[in-house]
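Summary of structural features
Below, each chain spelled out in residue letters.
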Amino acid sequence: MENSRPSSPEAPPQDLWSSILDSVSTSRSIPSKQVIILGEPSSGKSTLVSALLQKPPPEDTKEEQRTDFALGYDWADVRDDADEDTLARLSVYTVPSSAPAYTSLLPYFVPPRTSLPHTLVMVVLDWTRPWSFIQELETWLEWVEIWVKGDGSRELDIAKEENRERLQAHWQYYAEPTSEPLPATSTVSSTLLPLGPGTLTHNSAGVPIIVVCTKADLIDEGNDIIGSGPSGMGGMVKGKGGEWEERTDSIMQVLRTICLKYGAGLFYTTPQPTTLQVLRQYALHMLFMPPAPSPAAVAPGEVAAPTRNPFPFQHKPNALDRDRIVIPAGWDSWGKIAVLREGFDAKLWGEAWENDLDHAEDDAGTVRAQKLYASLVPDLSRKPPPLPPLNNPTPEQVFLAKNYDENAKKSDRDPRGAFRNPNETAAAGIVGPMGSSSFNLPNVERALTEMESVAGAAGVNPLSMSTARDPSRVLSSRSGARPPNAGLSIPTGGASIGLGRSAAPSPAPISATTSNSTDDQSQHQALKAFFDNLINKRSTRVDAAAAAKSPDGESAADEGS
């Protein structure tokens with residue numbers, strides 16, 4: 001009896017669980033969408049981010065204390081009405097300003113090759129600065145055109161073509177929201193109309209764009225003059241009706257004309273939650289815009305119906321309420337723009353916009369959008385005062401050389417000239433304090449004159465006056481090495497007074513009319529004798545004090561007399 005055993009089943013594959021998990025994750029994958037918010041500082045971007053992500057708004061802080069990062073990022077899950085299932089994951093990127101240092105970072109975080117079909121661009125304009133609308137729009141829309149170029153790969157070109165077809169189909173299939181149910185069939189027996197004039201002439205990549213004008217509640221605020229309040233909107237007259245209302249309507253016509261060229265929507269928002277909620281619904285509606293229907297799948301003469309959008313936008317367009325403007329993409333046209341206010345030329349503004357983008361030269365017949373807009377809304381912002389002109393100081397050496405040349409031409413540049421006798425000239429070859437006139441000081445001349453006058457009245461030698469009362473001076477004068485007949489003559493008014501004890505005839509007096517060298521020598525000798533006399537006085541006082549203490553002081557004094 002044979003022992004038969006049933007054959008064992010085949011072993012399951014080793015990656016069974018991996019394949020099951022992959023299939024489940026694929027079937028329940030959450031789509032990821034991205035929103036890029038572009039705007040200048042303090043334009044209300046943080047309020048829009050909070051509304052899109054349904055998060056509490058940031059605390060009101062002063063502008064000086066607010067911090068802007070190089071690139072802001074936040075995300076949140078988009079859930080259904082019952083808050084049970086997650087329908088999508090929404091990421092929001094915020095650029096603080098249009099500086100190239102900030103905008104150059106976005107391609108690294110949001111590369112267009114992979115993120116173009118899942119990205120929406122939101123341009124934020126601030127109603128407290130209405131004169132900057134055109135300039136900011138040009139800056140941001142030009143950046144979008146540069147961003148979509150990417151690396152120029154074939155994959156990116158295909159994505160741009162598909163995006164363009166999808167946005168064009170959205171415009172052609174657009175219908176105002178109604179309460180009627182959608183058609184159950186997948187085809188519509190109608191013919192698609194071509195796009196109107198000035199519609200979708202730009203935005204070759206088909207990027208969904210929304211232009212959001214924030215702080216629309218400040219358009220008709222209570223102030224009579226814009227700029228008198230905290231908004232700082234310049235100095236245009238405000239109030240319902242009149243010139244201000246005409247200007248705001250013209251501004252909206254200009255914005256709608258530009259949005260029409262890019263296939264963009266236009267929304268006015270306020271801090272009220274209703275306007276922000278409408279904006280969020282429209283953003284999700286554009287992010288989940290279905291692809292363009294394929295014409296090969298329908299019979300001839302029929303048009304394929306668009307795929308149903310998981311986030312339908314049921315809000316009707318509103319072009320009348322100035323603080324709740326809703327202009328969705330696909331609804332507007334040149335005819336509807338002209339109805340708002342007569343006299344508006346949409347074609348002229350379209351040509352002016354083209355000239356600005358082409359950077360055309362300012363010829364006589366060239367119309368520029370920024371110039372036209374400046375005539376409509378003048379720039380009345382509070383600009384900082386101009387800086388004072390630069391002060392270029394004179395180099396130090398140039399200043400000194402200039403003053404040296406000027407002083408060299410002056411005859412009285414030498415301060416010693418005040419003490420010189422104008423009747424005499426300096427000796428040749430003598431420079432500095434040894435010059436002849438340098439000794440001719442007023443104090444010295446005054447002292448010599450007083451000595452001569454006292455000596456002449458008493459009939460005494462002026463140099464021996466100080467020794468008359470000092471016995472020790474007699475001894476010291478006798479023991480001197482100077483010859484007894486030596487004498488000095490001091491010229492005063494053509495006369496001389498002999499100095500010395502001897503009765504020998506003194507040398508002939510030196511006349512004031514002699515040569516400069518003789519006069520200088522005479523003055524030098526007189527000054528030397530004068531200062532020697534002053535020094536001897538001091539030594540004489542010391543000798544006299546010593547003699548008074550000695551026992552033979554009186555005899556020495558008698559002998560000296």
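Residues numbered from 1 in each chain as written. Predicted model: local features only at pLDDT ≥ 70, side-chain atom pairs only at ≥ 80, totals over all residues. Heavy atoms only, no water.

1. Quick look at the overall build of the chain
Across its full length, the chain holds 17 helices and nine strands. Taken across its 561 residues, the chain has 36% of its residues classed as buried. Taken as a whole, the chain presents about 34,500 Å² of accessible surface, with 55% of it coming from carbon and sulfur. (Helix = DSSP H or I, 4+ residues; strand = E, 2+ residues; numbered from the N terminus. Buried < 20%, exposed > 50% of the residue type's maximum accessible area, 1.4 Å probe, protein only. Areas by Shrake-Rupley, 256 points an atom, 1.4 Å probe, with all protein chains shown as cover.)

2. Some words on the pairing of strand β3 (residues 86-95)
When you tally the buried positions in β3, you get seven out of 10 residues, the bulk of the element. Direction of pairing for strand β1 (residues 32-38) relative to β3: parallel, over a ladder of seven bridges. By the bridge assignment for β3, Ile-36 is matched with Tyr-93. Of the pairings in the sheet, the one linking strand β2 (residues 72-79) to β3 comprises eight bridges and is antiparallel in character. Residue pairing for β3: Trp-75 is matched across the bridge by Ser-91. (Pairing = 2+ DSSP bridges.)

3. With respect to the pairing of strand β7 (residues 265-268)
Burial of β7 is two-sided: the residues Gly-265 and Phe-267 facing one way and the residues Leu-266 and Tyr-268 facing the other way are all buried. The pairing of strand β6 (residues 209-214) with β7 spans four bridges and is parallel. When the sheet's bridge partners are listed, Cys-213 is paired in β7 with Tyr-268. In terms of strand pairing, β7 meets strand β9 (residues 326-327) through two bridges, oriented antiparallel. The residue bridging Leu-266 from the neighbouring strand is Ile-327, located in β9.

4. Points about helix α2 (residues 45-53)
Each turn of an α-helix holds 3.6 residues, which means side chains three or four residues apart point in the same direction. Most of α2 is tucked away: seven of the nine residues are buried. Here α2 has its buried residues at Lys-45, Leu-48, Val-49, Ser-50, Ala-51, Leu-52 and Leu-53. Positive backbone phi, approximately 55°, marks Gln-54, located one or two places after α2.

5. Re the sheet that holds β9
Strand order in this open sheet of seven strands is β2-β3-β1-β4-β6-β7-β9, and the pairing throughout is mixed. With one partner strand each, in any of the chains shown, β2 and β9 form the two edges of the open sheet. Strands in contact with α2 are β1, β2, β3, β4 (119-126) and β6; relative to β3, the strand with the most contacts, it is inclined by about 170°. (Contact = heavy atoms within 4.5 Å. Axes fitted to C-alpha atoms, helices over the stretch in contact; angles between N-to-C directions.)

6. Topic: the packing of helix α6 (residues 133-147) against helix α11 (residues 346-358)
Interaxial distance between α6 and α11 falls to 11 Å at its minimum, and their mutual angle equals 60°. Put simply, α6 runs oblique to α11. As α6 runs across α11, the sense of the crossing is right-handed. Counted together, Ile-134, Leu-137, Glu-138, Leu-141 and Glu-142 of α6 and Trp-353, Asp-356 and Leu-357 of α11 form the full contact between these two elements. Of the residues contributing to the contact of α6 with α11, the split by class is five nonpolar, no polar and three charged. (Parallel < 35°, antiparallel > 145°, perpendicular 65-115°, else oblique. Left-handed = near helix turned anticlockwise from the far one by under 90°. Nonpolar A, V, L, I, M, F, W, Y, C, P; charged D, E, K, R; others polar.)

7. Here's the deal with the environment of Leu-348
Examined against the element boundaries, Leu-348 turns out to sit in helix α11. If near-sequence neighbours (up to four positions away) are discounted, Leu-348 is found in contact with Val-367 and Leu-372.

8. Considering the packing of α6 against helix α12 (residues 369-376)
Taken N-terminus to C-terminus, the directions of α6 and α12 make an angle of 155°; their axes are 9 Å apart at the nearest point. Regarding the angle of α6 to α12, the classification is roughly antiparallel. Across the interface between the two elements, Phe-133, Ile-134, Gln-135 and Glu-138 from α6 touch Ala-369, Gln-370 and Tyr-373 from α12.

9. Overview of the side chain of Asn-163
Note that Asn-163 resides in helix α7 (residues 154-172). One polar contact links the side chain of Asn-163 to the main-chain carbonyl oxygen of Leu-116, over a distance of 3.4 Å. (Polar contact = N/O pair within 3.5 Å; in protein donor to acceptor, adjacent residues only side chain to side chain.)

10. Notes on empty space enclosed by the protein
Evaluation of the coordinates by the stated rule reveals four cavities of 30 Å³ or more. What the second largest cavity holds in volume is close to 50 Å³. For the second largest cavity, the full set of lining residues is Trp-127, Ile-219, Thr-248, Asp-249, Met-252, Tyr-268, Arg-322 and Ile-325. In terms of residues, the lining of the second largest cavity owes the most to one element, helix α8 (residues 242-262), which gives three residues. Partitioned by chemical class, the residues of the lining of the second largest cavity number five nonpolar, one polar and two charged. (1 Å grid on protein atoms, 1.4 Å probe; cavity = no way out; pocket = protein on both sides within 12 Å on 5 of 7 lines; lining within 4 Å. Points joined across faces, edges and corners; volume = space filled by probe spheres on them.)

11. Focus on the nonpolar core
Of all hydrophobic cores here, the largest spans 93 residues; its most connected members are Met-122 and Tyr-268. Filtering out sequence-adjacent residues up to four positions away, Tyr-268 remains in contact with Trp-127, Cys-213, Ala-216, Ile-219, Met-252, Leu-255, Thr-275, Arg-322, Asp-323, Arg-324 and Ile-325. (Core = buried A, V, L, I, M, F, W, Y, C linked by side-chain atoms within 4.5 Å.)

12. A word on the packing of aromatic side chains
As enumerated under the stated definition, the model contains 11 aromatic pairs in all. Summarising the aromatic geometry, the rings of Phe-267 and Tyr-282 are spaced 4.8 Å apart at their centres and angled 40° between planes, so their arrangement reads as tilted. Of this pair, Phe-267 sits in strand β7 while Tyr-282 sits in helix α9 (residues 273-287); the two residues are 15 residues apart in sequence, bridging distant segments of the chain. Pairing Phe-267 with Phe-313 gives two aromatic rings, centres 6.4 Å apart and planes at 65°, and the pair type is edge-to-face. Of this pair, Phe-267 sits in strand β7 while Phe-313 sits in the loop between β8 (303-304) and β9, and the two are 46 residues apart along the sequence. For the pair Phe-267 and Phe-313, a shared accessibility class is recorded, and that class is buried. In this structure an aromatic cluster arises from ring pairing among Trp-127, Phe-133 and Tyr-268. Note that Lys-33 overlies the ring of Phe-288, its terminal NZ or CZ placed 5.1 Å from the centroid. (Phe/Tyr/Trp six-rings, centres within 6.5 Å; stacked < 30°, edge-to-face > 60°. Lys NZ or Arg CZ within 6 Å of the ring centre and 35° of its normal.)

13. What about the pattern of salt bridges?
Under the criterion given, the structure shown has 14 salt bridges. Linked by salt bridges that have partners in common, Asp-126, Arg-129 and Lys-215 make up one network. (Salt bridge = Lys/Arg side-chain N within 4 Å of Asp/Glu carboxyl O.)

14. Re the side chain of Asn-309
Considering the arrangement of structural elements, one finds Asn-309 in the loop between β8 and β9. Given a relative accessible area of 9%, Asn-309 falls into the buried group. Looking at Asn-309, its side chain comes within polar contact range of the main-chain oxygen of His-285, at 2.8 Å. There is a polar contact of 2.9 Å between the side chain of Asn-309 and the backbone nitrogen of Phe-311.

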